[in-house]
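Each chain, letter by letter, is given below.
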Amino acid sequence: MTAMVELRDVHKSFGTLHVLRGVSLSVRQGEVAVILGPSGSGKSTLLRTINHLEKVESGTVEIEGELLGYRRSGDRLHELHEREILRQRTKIGFVFQNFNLFPHLTVRQNVAEAPLSAQRRPKAEVAALVTRLLDRVGLAEKADAYPRTLSGGQQQRVAIARALALEPKVVLFDEPTSALDPELVGEVLEVMKDLARTGTTMLVVTHEIGFAREVADTVVFMDAGRILEQGPPSQVLDGPRHERTRAFIGKVL
Ligand code: ADP
Ligand code: MG
């Protein structure tokens, strides 16, 4: 079976800083992969390469067997035009640490923006979709509010609804609860658990070990630009093979 997300030997540098040092990762449809690792180990860069927000230097990223950012011709790769890259990006939802909502748009408008402008779907259809998505994240009554009037947890739930609006193949989460006050973390994790239960393919960078234990199909531990180990939560969290993994988990627990 074709993987939903497939990275093969991905390398990425910023100047002389070699940030991703040969990352290969395969996530199947409906799977949740939780990515752990110390600050600076390359987790955000990894997610950004999947979305082609960062160009890889070598290696490939595929979504459902479709090469991202490039097309093959013989054994050469040619970068796609921006328009094609934007089309591919609609297959990938992205939820950031700092919500990144449009401050001048209401909740409803934030969620409707991409399907209206990127996909040019009919207004009535988008309105129904937005209602469904806001209901799903428990914010139907906030549809006409502006982001600044919402709590951080509510803003992040809007951001999740927005990420789902293009009906993506996979949703990437980069430390979605790290900017939240502790009492607001749970409501966001609940929404993410609901997505996982209903078969959403997810890659989640987080330090929430409890979430990883409960929801992850696979836990990936990154260190210095490489995947040091990977496996089911019981294996990586309870019986890590590497000292660095053990030390990290000891610190975040
Ligand atoms: P993590 O998310 O695991 O904390 P990052 O992927 O953000 O790690 O960063 C990995 C390394 O790459 C860090 O040393 C960071 O400073 C560096 N880095 C990330 N983005 C850039 C960039 N745009 N330009 C230069 N260096 C960067
Ligand atoms: Mg990061």
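Quick note: structure is the one above.
Residue indices follow the written sequence of each chain, beginning from 1 at its first position. Going through the entries in the order they are written, you letter the chains from A and number the ligands from 1. Reporting of local features is limited, given that this is a predicted model, to residues whose pLDDT is at least 70; pairs of side-chain atoms are given and counted only at 80 or more, and all residues count toward the totals for whole chains, interfaces and linings. Heavy atoms from the whole structure form the basis of all side-chain values; hydrogens and water molecules are not counted.

(A) Spatial organisation of the sheet that holds strand β4 (residues 58–63). The criterion for strand pairing is that DSSP finds at least two bridges linking the strands in question. Strands are runs of DSSP state E lasting at least 2 residues, helices are runs of H or I lasting at least 4, and numbering of each runs from the N terminus. The four strands lie next to each other as β2-β1-β4-β5, forming an open sheet whose pairing is antiparallel. The sheet is open, and its two borders are formed by β2 (17–27) and β5 (66–67), each paired with just one other strand. Alignment of strand β1 (residues 5–14) against β4, held across five bridges, turns out to be antiparallel. In the sheet register, V5 faces β4, and the bridge partner there is I63. By the convention used here, residues are in contact when the closest approach between their heavy atoms is within 4.5 Å. Whenever a helix is involved, its axis is fitted only over the stretch in contact; in every case the axis is a line through C-alpha atoms, and angles between N-to-C directions fall within 0 to 180 degrees. Along the sheet face, helix α1 (residues 43–50) touches β1, β2 and β4 and points at about 120° away from the line of β1.

(B) Molecular detail of the site of ligand 1. Contacts to ligand 1 come from F14, L17, V19, P38, S39, G40, S41, G42, K43, S44 and T45. As used in this structure description, the phrase polar contact means that two N or O atoms lie within 3.5 Å; if the pair is within protein, one of them must be able to donate a hydrogen and the other to accept it, and residues adjacent in sequence are counted only when both atoms belong to side chains. Measuring from an oxygen atom of ligand 1, one finds a side-chain N or O atom of S44 at 2.9 Å. Here an oxygen atom of ligand 1 sits 2.5 Å away from a polar atom, N or O, in the side chain of T45. With the chains in place, 59% of the 560 Å² that ligand 1 exposes on its own is no longer accessible. Taken together, the elements giving at least two residues each to the shell around ligand 1 come down to β2 and α1. Among the residues forming the shell around ligand 1, the class breakdown is four nonpolar, six polar and one charged. Proximity is defined per residue: any heavy atom of the residue falling within 4 Å of a molecule or strand makes that residue near it. Per-residue and other accessible areas were derived by the Shrake-Rupley procedure at a 1.4 Å probe size, with only the shown protein chains allowed to occlude residues. Residue type decides the class: Asp, Glu, Lys and Arg count as charged, Ala, Val, Leu, Ile, Met, Phe, Trp, Tyr, Cys and Pro as nonpolar, and the leftover types, Gly among them, as polar.

(C) Focus on α1. When accessible area is computed with a 1.4 Å probe and restricted to protein chains, residues below 20% of their type maximum are described as buried, those above 50% as exposed, and intermediate ones as partly exposed. In terms of residue burial, α1 counts as a mostly covered element, since six of its eight residues are buried. Within α1 the residues assigned to the buried category are K43, T45, L46, L47, T49 and I50. Phi turns positive one or two residues past the end of α1, at H52, with a value near 60°.

(D) Examining the nonpolar core more closely. Among buried residues, those of type Ala, Val, Leu, Ile, Met, Phe, Trp, Tyr and Cys that are joined through side-chain atoms within 4.5 Å constitute a nonpolar core. Grouped together as the largest cluster of nonpolar side chains are 50 residues, with contacts concentrated most on L134, I160, F173 and M192. Among the elements that take part in this core, helix α6 (residues 182–197) stands out by supplying eight residues, more than any other. Not counting the four nearest positions on each side in its chain, I160 is found in contact with V95, V137, F173, V188, V191, M192 and L195. Residues L7, V61, F94 and V220 belong to the second largest nonpolar core, which totals 26 residues.

As far as function goes, none of this settles anything; it's purely spatial.
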